[in-house]
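Examining the three-dimensional arrangement
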Amino acid sequence: MPQWLADHDLDCFEYSFGRGVRIQQSTAEGIGAEFTRLGKEISVHAPYFINLATQEEEKAENNHRYIFDSLAALTWFGGKRCVVHPGSPLKLDRGAAMDILMRRLEEVARLKHEYGYDDTYLCLETMGKQAQIGTLDEVIRMCSLDKTFIPCVDFGHLNARDLGVFFTKDDYKRAIDRLLEGVGEEKTNIMHVHFSKIEYSAKGEVRHLTFDDEKYGPPYEPLMEVFAEYKLQPYVICESAGTQTRDASLMRRCYYAVKR
Ligand SMILES: [Zn+2]
């Protein structure tokens, strides 16, 4: 993968533990060494079945295992960023679910410090379905719990959950300004970003598309201009359906073209 990145003029890769953290330390360290050798960065995505809003203590324990196994693997890789989906209220009302989630995350912050993972970031992701926790404001609230909690802003998700909100530079600027105000300059500057065009219906995200889509969006060009204009240094992962390398290159070229 790091060689693939070098061949395609890309900078970073996200290793998915979406379906579980299964990797040996020696394997992970070997992968990490190659990334270091070629000067490329690696992040990880924690399992999708984490739900920090769970009422069940046993499930909360499992969440800890998924998160700290992900952080262990991340450290073996030599990476700094672990992305987490916050969770869903299920049968709870949203306010109560959010209260539980904030309590669970506080415990994660405490353990993260205790286990010695202070030099890694937990990137809390904005989510694409209205039923999921993860509006921009909810993620901003979560990031207030620890200095190593930073936003993972998935602009495709935000666009899908609100049924199409990003069209122009000003639309993106409003989101970035909200972040600057909510999590501050430092965390906004280094924020994690997921980007893809996403089909949506009344309840939000349906499926990831490619940059060939012209119906749902959001467009990446104005976002690259805003990144350049605000002089941000986000870590951007392209999540297009099947055309990730091509679409990541399009974004990267667009960013460096407008930056000059
Ligand atoms: Zn994700």
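Now for a quick tour of the structure.

Turning our attention to the packing of aromatic side chains. In this description, an aromatic ring pair is defined by two values, namely the gap between the centres and the angle between the planes. One pass over the structure, following the stated rule, counts 15 aromatic pairs. An angle of 80° between the planes, with centres 5.0 Å apart, marks the rings of Y255 and Y256 as edge-to-face. Here the aromatic cluster, defined as three or more aromatic residues joined through ring pairs, consists of F155, F166, Y172 and F227.

This next bit is on the packing of helix 3 (residues 57–77) against helix 4 (residues 94–114). Helix-helix packing is characterised by the crossing angle of the two axes and by the distance between the axes. Closest axis-to-axis distance for the helix 3/helix 4 pair is 11 Å, and the angle between their directions is 40°. With respect to helix 4, the element helix 3 is oriented oblique. The chirality of how helix 3 crosses helix 4 is right-handed. In this structure, helix 3 uses E57, A60, H64, I67, F68 and L71 to contact helix 4, whose residues at the interface are R104, E107, V108, L111 and K112. For the contact of helix 3 with helix 4, a count of residues per class yields six nonpolar, one polar and four charged.

Moving on: the side chain of E239. Within the secondary structure, E239 is located in the loop between strand 9 (235–238) and helix 9 (244–259). Although buried, E239 forms no salt bridge, and the nearest oppositely charged side chain, R19, lies 11 Å from it. The residues contacting E239, other than those within four sequence positions of it, are D154, H194, F195, S196, H208 and Q244.

Counted according to the given criterion, the structure contains 18 salt bridges. Where R178 meets D137, a salt bridge forms, and the shortest distance between an N and an O atom there is 2.6 Å. One end of the pair, R178, is in helix 7 (residues 169–189); the other, D137, is in helix 5 (residues 136–143), with 41 residues separating them in the sequence. Residue R178 is classed as partly exposed on the basis of its relative accessible area, which comes to 28%. What makes D137 partly exposed here is its relative accessible area of 43%.

On to helix 9, then. Along its 16 residues, helix 9 runs 22 Å from first to last C-alpha, staying within 8% of the 22 Å computed at 1.5 Å per residue. Buried within helix 9 are the following residues: D247, A248, S249, M251, C254 and Y255. At its buried positions, helix 9 is contacted by strand 6 (192–195), helix 8 (221–229) and strand 9.

The strands making up a sheet associate through hydrogen bonds between their backbones, and the pairing can be parallel or antiparallel. Sheet architecture is open: seven strands sit in the order 1-2-3-4-5-6-9, paired in parallel fashion. Unpaired on one side and paired on the other, strand 1 (12–16) and strand 9 mark the two borders of the sheet. Across the sheet, the mean angle from the axis of one strand to that of its neighbour is 25°, orientation sign disregarded. Pairing analysis gives four bridges linking strand 3 (residues 81–84) to strand 4 (residues 121–125), with the strands arranged parallel. The partner of R81 across the bridge, within strand 4, is Y121. Contacts from helix 5 reach strand 4 and strand 5 (149–154) within the one sheet, and its direction differs from that of strand 5 by about 165°. Lying on the sheet, helix 9 is in contact with strand 6 and strand 9; it crosses strand 9 at an angle near 140°.

What follows concerns the coordination of the zinc ion. Those donors, H45 (NE2), H85 (NE2), E125 (OE) and E125 (OE), are the protein atoms that reach the zinc ion, and they lie 2.1 to 2.8 Å from it. Around the zinc ion sit four donor atoms, and with donor-metal-donor angles ranging over 51 to 147° the site reads as irregular. The sequence pattern formed by the donor residues of the zinc ion is H-x39-H-x39-E. Placement of the pair is H85 in the loop between strand 3 and helix 4 and E125 in strand 4, with a sequence separation of 40 residues. Taken individually, H85 and E125 each receive the classification buried, so the pair is uniform in this respect.

About the criteria used
- Residues numbered from 1 in each chain as written.
- Predicted model: local features only at pLDDT ≥ 70, side-chain atom pairs only at ≥ 80, totals over all residues.
- Heavy atoms only, no water.
- Phe/Tyr/Trp six-rings, centres within 6.5 Å; stacked < 30°, edge-to-face > 60°.
- Axes fitted to C-alpha atoms, helices over the stretch in contact; angles between N-to-C directions.
- Helix = DSSP H or I, 4+ residues; strand = E, 2+ residues; numbered from the N terminus.
- Parallel < 35°, antiparallel > 145°, perpendicular 65-115°, else oblique.
- Left-handed = near helix turned anticlockwise from the far one by under 90°.
- Contact = heavy atoms within 4.5 Å.
- Nonpolar A, V, L, I, M, F, W, Y, C, P; charged D, E, K, R; others polar.
- Buried < 20%, exposed > 50% of the residue type's maximum accessible area, 1.4 Å probe, protein only.
- Lys, Arg positive; Asp, Glu negative; His and termini not counted.
- Salt bridge = Lys/Arg side-chain N within 4 Å of Asp/Glu carboxyl O.
- Expected span 1.5 Å × (residues − 1).
- Pairing = 2+ DSSP bridges.
- Donors = N, O, S within 2.8 Å, 3.2 Å for Na, K, Ca; no water.
- Tetrahedral: all angles 85-135°; square planar, octahedral: opposite > 155°, others 65-115°.

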